[in-house]
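# Results of the structural survey
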Amino acid sequence: MFRAFSLIMAVISLSFPALIGSGMELRAQGNCPNCDLPPGCRGNGNQNGNGNGNGNRNRNCQRLEISIESDIDFGRVVLLGNGEARVLLDLETGQKTLIGDVDDLGGMPITGRAMITGAPFEQIVIDLPSEVAMRDPTGGNARIRDFVSDLAGFPTLDANGQLTFNFSGTLVIDAETNASGNLRGRVPISVEYP
């Protein structure tokens with residue numbers, strides 16, 4: 001599977017200025033060494049046209065690539081009390097919703113955006129993490145969880161072999177997490193052909 005990372009940063013008060021993705025691309029890893037290739041293109045015995053005369057010579061065997069076009073940015077927020085607070089970003093509007101002992105200090109919230117490139121009309125599987133830890137060098141930390149995307153149930157690459165999608169999560173902070181400073185985190189996004 002390919003894995004890319006969206007960076008999340010924050011300055012507390014609690015602020016999350018985005019780093020614009022520079023097209024970070026990583027190759028497949030893990031149990032399926034060729035899952036970045038479409039089915040039928042993964043090696044011997046998979047009708048890949050390697051010398052058997054009846055293989056799949058006309059198949060587009062383009063490897064998957066994922067690039068991050070924008071990172072998640074929660075803007076600037078401040079924890080007011082000792083309770084738990086959550087910051088949500090709406091995928092359609094990018095609007096920030098604050099829940100709990102938190103106040104908005106400005107900054108422009110931005111949802112993450114990624115582009116996947118591969119073989120045209122192929123179905124893909126995209127995996128977002130369940131939770132990501134954010135930290136800064138002075139010991140500040142927070143969590144992002146409940147990741148969401150605007151992907152359809154069975155995402156499929158278009159005629160150009162591309163698919164762009166938005167993603168976001170919920171920032172969770174409380175007095176025990178020591179959420180302060182310039183927090184950063186990495187959101188690993190993996191993609192593979194089924």
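Parameters and conventions
- Residues numbered from 1 in each chain as written.
- Predicted model: local features only at pLDDT ≥ 70, side-chain atom pairs only at ≥ 80, totals over all residues.
- Heavy atoms only, no water.
- Helix = DSSP H or I, 4+ residues; strand = E, 2+ residues; numbered from the N terminus.
- Buried < 20%, exposed > 50% of the residue type's maximum accessible area, 1.4 Å probe, protein only.
- Contact = heavy atoms within 4.5 Å.
- Areas by Shrake-Rupley, 256 points an atom, 1.4 Å probe, with all protein chains shown as cover.
- Core = buried A, V, L, I, M, F, W, Y, C linked by side-chain atoms within 4.5 Å.
- Phe/Tyr/Trp six-rings, centres within 6.5 Å; stacked < 30°, edge-to-face > 60°.
- Salt bridge = Lys/Arg side-chain N within 4 Å of Asp/Glu carboxyl O.
- Disulfide = S-S within 2.5 Å.

## Considerations on the overall build of the chain
The helix and strand inventory of the chain stands at 0 helices and 13 strands. Going from the N terminus to the C terminus, the chain shows its helices and strands as β-β-β-β-β-β-β-β-β-β-β-β-β. In the chain, which comprises 194 residues, the proportion classed as buried is 43%. Partitioning the contacts of the chain with sequence separation of at least 6, the portion at a separation of at least 24 is 73%. As displayed, the chain has an accessible area near 9500 Å², and 46% of this comes from carbon and sulfur atoms.

## A word on the nonpolar core
If you look at the biggest cluster of nonpolar residues, it comprises 33 residues, and the most contacted ones within it are Ile116, Ile124, Ile126, Leu171 and Ile189. Residue assignment for this core shows that the elements contributing at least two residues are strand E3 (65-70), strand E4 (75-79), strand E5 (85-89), strand E8 (112-117), strand E10 (131-135), strand E11 (141-149), strand E12 (162-173) and strand E13 (181-192). The element best represented in this core is E12, accounting for 5 residues.

## Section: the packing of aromatic side chains
For any pair of aromatic rings, the description rests on two quantities: the centre-to-centre distance and the angle between the ring planes. Applying the stated criterion to the full structure yields 1 aromatic pair. Aromatic pair phenylalanine 165 and phenylalanine 167: ring centres 6.1 Å apart, planes at 50 degrees, arrangement tilted. Just as phenylalanine 165 is buried, phenylalanine 167 falls in that class too.

## A few points about unusual backbone geometry
Phi at phenylalanine 121 takes a positive value of approximately 65 degrees, unusual for a residue other than glycine. Tracing the backbone through its elements, the reader meets phenylalanine 121 in the loop between E8 and strand E9 (125-127). Taking relative accessible area as the criterion, phenylalanine 121 reaches 60% and is therefore assigned exposed. Positive phi, normally seen in glycine, also occurs at aspartate 146, with a value near 55 degrees.

## A look at the pattern of salt bridges
Within the structure shown, the criterion is met by 3 salt bridges. A salt bridge links arginine 86 to glutamate 84; the shortest N-O distance between them is 2.8 Å. For glutamate 84, a relative accessible area of 37% translates into the label partly exposed. Here lysine 96 ties to aspartate 104 by a salt bridge, and the two come within 2.8 Å at their closest N and O atoms. By relative accessible area, which is 13% here, lysine 96 ends up buried. What makes aspartate 104 partly exposed here is its relative accessible area of 37%.

## Some points on the environment of proline 137
Secondary-structure assignment places proline 137 in the loop between E10 and E11. Of the residues examined, proline 137 reaches a relative accessible area of 87% and is grouped as exposed. Placed 47 residues apart in sequence, proline 137 and arginine 184 show a C-alpha to C-alpha distance of 9.4 Å.

## Some thoughts on the state of the cysteines
For the structure on display, the rule yields 1 disulfide. Residue pairing for cysteine 41: its cysteine sulfur links by disulfide to cysteine 61, the two sulfurs lying 2.0 Å apart. Residues cysteine 41 and cysteine 61 share a disulfide whose torsion about the S-S bond is about -70 degrees; that sign makes it left-handed. Here the residue cysteine 41 occupies a position in the loop between strand E2 (15-16) and E3, and cysteine 61 occupies one in the loop between E2 and E3, the gap between them amounting to 20 residues. The class of cysteine 61 is partly exposed, set by a relative accessible area of 36%.

Purely geometric numbers; function is a separate question.
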